[in-house]
Amino acid sequence: MCPADVPSQGAVLCGPIVENATEFVSLWLFLLEAPGSRCELIWPGSCSSLALWCLMMSVTPTRGCLLDLPWEDILVPHILCHLPLQQLLSLQRVSKSFQSLIQLYLANMRCFDSSQIGPAIPRAAFVNLLKDNEVLQQLALQNCSDWLTDRELLPVIGQNHHLHQIQLKGCAQLSRHALVAISLSCPNLRQLSLAHCEWVDSLSLRSLADHCKALEAVDLTACRQLKDEAICYLVQKCGRLKSLSLAVNANVGDVAVEETAKCCPELEHLDLTGCLRVKNDSIRVLAEYCPKLRSLKVKHCHNVAESSLSVLRSRGVELDVEPPLQRALVLLQDVVGFAPFINLQI
């Protein structure tokens, strides 16, 4: 049901079916603007009857108002959690009481994803949103390079010791101190994305390996300072790794891949896209030591041939590699120094 279908103020709305939580909260927000309305909703059995009661309370004057309900026990976990973060921030402008309610929600929020607001979030707004939160479990700040620096991130990391997922893809203005802070403050970290963070160096990665041994997924795509030695140290300390990306790193070669294979028997996903120094020998070691491997990306690894991939292919491992014609053209270019013009789209 859309807001256009809602009767005017003072009318009675009987029986519309609200199919999901998103539609529920959208209708709820609309009805907040018509406090004289009375509403009786048919809520599917799979949804919370408590949430339905909260909605009826919010729009039926004879039964009280929304803010009379227990905030921490009902409103925060059963109502506000269904609203996109951007709508919550807008709701703060309704009144001082709503502002206090939203601040309480933000202080108890378990997951913060900047994409719900957009990459243009003001620096001061980010600091204000998370200043009271000490219970974050997931933090996603991908592609916030325009405004995110150590000054904004480190206080958030320092007061949230329960983080187990951190996404910093493309946050180019951070420094190695950010990774050291994560290492020291987040001992239970399981997933970390540092893709396209060229500030990651071997010393900060060693700190991560020393303190976050429960890591299961690490994305080091285009962390171009890292060499085989740093990757070897990481996998030796973090043997529970199931997913690892070393893509677009010309300094990573067979030594790192072989050590990864031997130290991480639980490995399921490995991305070596564009790792030009990786050769057939390390792929054979990978096939021998990683029985749980499900996907391997070796596109643009020109020294990896079908002879080493065939064992993995026979096991049903998903392989991402150039088509034969494209691979042949690359090899021809290596031999004669140029690639003939051929339309690969044919």
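Residues numbered from 1 in each chain as written. Predicted model: local features only at pLDDT ≥ 70, side-chain atom pairs only at ≥ 80, totals over all residues. Heavy atoms only, no water.

J.: Teacher, can you tell me more about the packing of helix H8 (residues 176-185) against helix H9 (residues 202-211) here?
T.: Between two packed helices, what matters for the description is the angle formed by their axes and the separation of those axes. Following both chains from N to C, one finds H8 and H9 inclined at 10°, their axes separated by 8 Å at the closest point. Considered as vectors, H8 and H9 are oriented roughly parallel to each other. From H8, Arg176, Leu179, Val180, Ser183 and Leu184 reach across to H9, where they touch Leu203, Ser204, Leu205, Ser207, Leu208 and His211. (Axes fitted to C-alpha atoms, helices over the stretch in contact; angles between N-to-C directions. Helix = DSSP H or I, 4+ residues; strand = E, 2+ residues; numbered from the N terminus. Parallel < 35°, antiparallel > 145°, perpendicular 65-115°, else oblique. Contact = heavy atoms within 4.5 Å.)

J.: I would appreciate a short explanation of the sheet that holds strand E7 (residues 217-219) in the present structure.
T.: In any sheet, the strands associate via hydrogen bonds between backbone groups, in a parallel or an antiparallel arrangement. Strand order in the open sheet formed by nine strands is E3-E4-E5-E6-E7-E8-E9-E10-E11, and the pairing between neighbours is parallel. Sheet topology places strand E3 (111-113) and strand E11 (318-320) at the edges, where each strand pairs with a single neighbour. Strand-to-strand twist across the sheet, computed as the mean angle between neighbouring axes with direction ignored, equals 5°. Sheet topology places strand E9 (residues 269-271) next to strand E10 (residues 295-297); three bridges connect them, and they run parallel. In the sheet register, His269 faces E10, and the bridge partner there is Ser295. (Pairing = 2+ DSSP bridges.)

J.: When you look at the nonpolar core in this model, what are you seeing that I'm missing?
T.: Grouped burial of nonpolar side chains is what soluble globular proteins tend to show. Grouped together as the largest cluster of nonpolar side chains are 91 residues, with contacts concentrated most on Phe112, Leu272 and Leu296. Looking at this core element by element, the count peaks at six residues for helix H5 (residues 96-107). Phe112 has contacts with Leu85, Ile117, Ile121, Phe126, Leu129, Leu130, Leu136, Gln138, Leu139, Ala140 and Leu141, leaving out every residue within four places of it along the chain. (Core = buried A, V, L, I, M, F, W, Y, C linked by side-chain atoms within 4.5 Å. Buried < 20%, exposed > 50% of the residue type's maximum accessible area, 1.4 Å probe, protein only.)

J.: Where do I start with unusual backbone geometry in this structure?
T.: Residues other than glycine predominantly adopt negative phi, and peptide bonds predominantly adopt the trans conformation. Backbone geometry places His196, a non-glycine residue, at a positive phi of 60°. As for its placement among the helices and strands, His196 is situated in the loop between strand E6 (191-193) and H9. What makes His196 partly exposed here is its relative accessible area of 42%.

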